[in-house]
Amino acid sequence: MNNFDAIKKLAKTDNIVNYIEDGICNMRAEEESGYRKADEKCEDLFDTIDKIYNTDSRENIGICAAVSDFYSACQNIYFKAGLLSGFYISKNINSDYLKLSEDEIMKLMIKKVTTQIENEYK
């Protein structure tokens, strides 16, 4: 249950806005980096199995199937966590947005843009 609470906390509007403001918006680069890291870890796993059992694990269909099943299970877990996070992000942003008047929204937007401009020229 602690992981669920952590996801809910991370999905709060302020946290998302801060995350985006920090410039971590290049989704494609992050996605490619994530796939590359996952592939590297799979290769590390095969290398470790090779060392432990003194075999070429990439040629063993049973080992490949086990690694593939584990990898698929991990992808499924992270996909579900992403959906859950997305739901809470949407819910929190919607809730926070509905609490604000049009004037407050404009003031917040102007403040954010002004802060970004000030930070760029420091």
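Trainee: An account of the overall build of the chain is requested, with residue identities and associated values reported.
Mentor: A count of helices and strands for the chain gives five helices and zero strands. Reading the secondary structure of the chain in the N-to-C direction produces α-α-α-α-α. Evaluated residue by residue, the chain yields a buried proportion of 11% over its 122 residues. Across the chain, contacts joining residues at least 24 apart in sequence account for 49% of those joining residues at least 6 apart. Accessible surface, the chain: about 10,300 Å² in total, of which carbon and sulfur atoms supply 58%.

Trainee: So, the environment of Leu100: which residues are in play, and what are the values?
Mentor: As for its placement among the helices and strands, Leu100 is situated in the loop between helix 4 (61–99) and helix 5 (102–120). Leu100 has contacts with Ile105 and Leu108, leaving out every residue within four places of it along the chain.

Trainee: Explain the pattern of salt bridges to me, using residue names and the numbers behind them.
Mentor: Scanning all chains against the criterion turns up four salt bridges. Residue Arg58 is joined to Glu43 by a salt bridge in which the shortest nitrogen-to-oxygen separation is 2.7 Å. Taken as a pair, Arg58 in the loop between helix 3 (27–53) and helix 4 and Glu43 in helix 3 lie far apart in primary sequence, 15 residues in all. Residues Arg58 and Asp50 are paired through a salt bridge, measuring 2.9 Å at the closest nitrogen-oxygen approach.

Trainee: Break down a nonpolar patch on the surface for me, citing the residues and quoting the values.
Mentor: There is a patch of nonpolar side chains on the surface, built from Met106, Met109 and Ile110 and spanning about 310 Å² of accessible area. On the secondary structure map, Ile110 appears in helix 5.

Trainee: Quick one: what's the story with the packing of aromatic side chains, residue by residue and with numbers?
Mentor: Applying the stated criterion across every chain yields a total of one aromatic pair. Relative to Tyr88, the ring of Phe87 has its centre 5.2 Å away and its plane inclined at 80°; by these criteria the two rings are edge-to-face.

Trainee: Account for helix 4, naming residues and giving values.
Mentor: Relative to the 57 Å expected for 39 residues at 1.5 Å per residue, helix 4 spans 57 Å between its end C-alpha atoms, a close match to the ideal helical length. Those residues of helix 4 that sit buried are Val67, Tyr88 and Asn92. Of the residues that open helix 4, the one with a side-chain oxygen 2.9 Å from the backbone nitrogen of Gly62 is Asn60.

Trainee: Could you give an account of unusual backbone geometry, naming the residues involved and the relevant values?
Mentor: Phi angles above zero are rare outside glycine, and Asn54 is one such case at about 50°. For Asn54, the position within the fold is in the loop between helix 3 and helix 4.

Scoring rules and cut-offs
Residues numbered from 1 in each chain as written. Predicted model: local features only at pLDDT ≥ 70, side-chain atom pairs only at ≥ 80, totals over all residues. Heavy atoms only, no water. Helix = DSSP H or I, 4+ residues; strand = E, 2+ residues; numbered from the N terminus. Buried < 20%, exposed > 50% of the residue type's maximum accessible area, 1.4 Å probe, protein only. Contact = heavy atoms within 4.5 Å. Areas by Shrake-Rupley, 256 points an atom, 1.4 Å probe, with all protein chains shown as cover. Salt bridge = Lys/Arg side-chain N within 4 Å of Asp/Glu carboxyl O. Patch = residues over 30% accessible without salt bridge, like charges linked within 9 Å, V, L, I, M, F, W, Y side chains within 5 Å. Phe/Tyr/Trp six-rings, centres within 6.5 Å; stacked < 30°, edge-to-face > 60°. Expected span 1.5 Å × (residues − 1). Polar contact = N/O pair within 3.5 Å; in protein donor to acceptor, adjacent residues only side chain to side chain.

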